[in-house]
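A closer look at the structure
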Amino acid sequence: MCGLAGFLRTATTPDRGSHQRWLEAMGQAIVHRGPDAGSTWIDENAGLAHRRLSVLDLSDAGSQPMVSNSGRYVIAYNGEIYNFKKLRGELMSQGQSFRTRTDTEVLLALYEVHGPACLKMLNGMFALAIWDRTARKLFLARDRLGKKPLYYYAANGQFAFASELKALTPAPFVKTELRHDAIKDFFAYQYVPDPKTIYKNIHKLAPGHWLVTDGKHTHQEQYWDVSFGSPSTASAEELADGLYNLIDDAVQLRMVSDVPLGAFLSGGIDSSAVVGLMTDHASKPVTTCAIGFDSERFDEVHWAKKVADQFLTDHHEFTVKDNVADQLGNIARFFDEPFADPSFVPTYFVSQLARQKVTVALAGDGGDENFAGYNKYETDQLENRLRGQFPAVLRRMFFPGLANLAGLMNTRPTRRARSLLATLAMDPDEAFYVTNSFFRIDVWNSLVTGELKRETRGYNPADITRAHYQNADTDDHLSRILYTDLKTYLPGDILVKVDRMSMANSLETRAPLLDYRVVEYAAQIPGALKLNGKEKKYILKKAFERMLPQDVLYRKKMGFSVPLAHWLRNELKPVVEQTVLSEDSGLANFFEPAKVRKLWEKHLAGDDQFTQELWSLLAFELWWQQYQVSV
């Protein structure tokens, strides 16, 4: 795994020596992504920087930026192309020759032959930049699901790109002006959704897209999307068999490595299936790593140990006890923009543990989004079924009033009743957004103030969810929801979390369940075989009944949950009071400090209903202190 950065040179920017220093600083900003080597390349029109984490062909021949045999193209690339050996063979049969054993050289040659069309031939995770020295154009591309990040700055005739935001800012022309609608997005979603960033004029290249620019004119296209429009008529048994074989092939492809390789293991079906399949293809025990908590309610290590024992893995565990407060700020800084999914904490620690043993780790990410594994899908299915029991006119006319009445009593049952009645009055897409929003609109309206309030008064973050829901090529509600999460929650939250936390520890992670073939296959499985009554991931469990015990397959899902309310009242209490409640906090620019303090006091008194809002406020303030205080 690696990191890349660069920019286009213009007549208005300084001399080559200055540009060289900018490139070196951009590369140094992401040295954690590639600690093994770093290089730059520059000509009169463009500059590229690269940091390398050596995984394939560890020799210097694999260094980047890499120039094509013809000398026309230069590439800086982050990722892995799992089918590169097959593609290499095809290119050699067409007369191409190769100097290295790297997928980088194959990718470069493939682009020279096929141009942007080569992206559809790739099976892998990638973000890449290719400079065409003849046409003087820059080509950027990102993998189908968005596993690898790619940011770009475009304003005032200047263009720059990088794997992380922090690698853009060493270029002096890159300006970081806050984007207020993105702040509102963050508090609603816990992350800033693609293609926005927290800054104006800095964007994420969306997953499954490519871009070409000469610095003045930019053209962008989508080269891949997932279709739910042709559900399979095959039997459950046939679909389960096909799914097992496909995931098995995806795992085997991801076991190619010239450095030590292992796996994350939670004891859930996703990671357990990956580890089981790895065992079938490994010549020695698979190295597995698990994270636990000093809380029985949130601890899953005994399940991971059960699976590790079954497959005779070389198993390692780490328990998160008093490790959070001292390291939280340091961990959070790797995100560059506000990020509030609390599971980033255990993801950091499991990556840290894994890196002590291996350089590459396989993970179970993608199982929930592909096969309806989250509890929210069951909740949404129940709400949508109830919605269908009442005429739309009745729901919209009377349910909001009933919700307000339920809200007059502050008890857990009445709060649930209020939420249910409110969402039943909505259309399904907006209801899905509201049910899964992490900062309730009434809390937002009670806290927000100043310019942020004025600029975002007419903006609704639900528009993002609604747009993706409506874009799905199916009338099936569950499929629309899964499509929406594949376009928002997966690339914006899950994949960002895993990429930043693993890269913070110079660890490469690979996700077989996000092989695009698995995603496309899953999209054709009818929704009733994913969420079967109350049974989530039904078809995936059927597929792996041949390998995993019933108590692993059918136990209640916990996921990477954390004891958030307990943390805030105990080990994180001093952190909150020194940051969120500080008189000179960044939050004070946007929210009423007295009202924020009142939420905090309620939480300390035992009222957990504002836990998520308080955590989001803390995450924002930690980001502010790292990236805005000195601006």
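Structure: above.
Residues numbered from 1 in each chain as written. Predicted model: local features only at pLDDT ≥ 70, side-chain atom pairs only at ≥ 80, totals over all residues. Heavy atoms only, no water.

**Quick notes on helix α7 (residues 301–311)**
Within α7, the full set of buried residues consists of Val301, Trp303, Ala304, Val307, Ala308 and Phe311. Axial view of α7: buried residues confined to an arc of 160°, hence all on one face. Looking at the buried positions of α7, the neighbouring elements they touch are α6 (269–281), β14 (287–293), β15 (314–320) and α22 (550–553). Backbone geometry just downstream of α7 places Leu312 in the positive-phi region, at approximately 55°. (Buried < 20%, exposed > 50% of the residue type's maximum accessible area, 1.4 Å probe, protein only. Helix = DSSP H or I, 4+ residues; strand = E, 2+ residues; numbered from the N terminus. Arc of directions from axis to C-beta. Contact = heavy atoms within 4.5 Å.)

**Thoughts on the packing of helix α11 (residues 375–387) against helix α13 (residues 412–424)**
Here α11 crosses α13 at 60°, and the two axes come no closer than 10 Å. One element, α11, and the other, α13, form an angle in the oblique class. Where α11 crosses over α13, the two elements pack in a sense that is right-handed. Of the residues in α13, those in contact with Glu383, Leu386 and Arg387 of α11 are Leu420, Thr423 and Leu424. Among the residues making up the contact of α11 with α13, the classes are represented as 3 nonpolar, 1 polar and 2 charged. (Axes fitted to C-alpha atoms, helices over the stretch in contact; angles between N-to-C directions. Parallel < 35°, antiparallel > 145°, perpendicular 65-115°, else oblique. Left-handed = near helix turned anticlockwise from the far one by under 90°. Nonpolar A, V, L, I, M, F, W, Y, C, P; charged D, E, K, R; others polar.)

**Brief notes about the environment of Thr176**
For Thr176, the position within the fold is in the loop between β9 (158–162) and α4 (180–189). Look at Thr176 and you get partly exposed, because its relative accessible area is 24%. For the pair formed by Thr176 and Lys200, sequence separation is 24 residues and the distance between their alpha carbons is 6.9 Å. Those residues within four positions of Thr176 in sequence are excluded, and the remaining contacts are Thr169, Tyr199 and Ile202.

**A short note on the sheet that holds strand β4 (residues 66–67)**
Taken together, the 6 strands give an open sheet; going across it, the order is β4-β5-β6-β7-β11-β12, and neighbouring strands pair in antiparallel fashion. The sheet is open, and its two borders are formed by β4 and β12 (218–222), each paired with just one other strand. With 5 bridges joining them, strand β11 (residues 209–213) and β12 adopt antiparallel strand pairing. Across the sheet, the residue bridging to Val212 is His219, located in β12. Along the sheet face, helix α3 (residues 103–114) touches β4, β5 (73–81), β6 (124–132) and β7 (137–142) and points at about 125° away from the line of β5. (Pairing = 2+ DSSP bridges.)

**Thoughts on the sheet that holds β9**
Judged by pairing direction, the sheet is antiparallel, and its 6 strands sit side by side in the order β2-β3-β1-β9-β8-β10 without closing on themselves. Unpaired on one side and paired on the other, β2 (37–42) and β10 (202–204) mark the two borders of the sheet. When strand polarity is set aside, the average angle formed by the axes of neighbouring strands in this sheet is 15°. Pairing of β2 with strand β3 (residues 46–52), which is carried by 6 bridges, proceeds in the antiparallel orientation. Of the residues in β3, the one forming a bridge with Gly38 is Arg51.

Worth remembering: the numbers are spatial, not functional.
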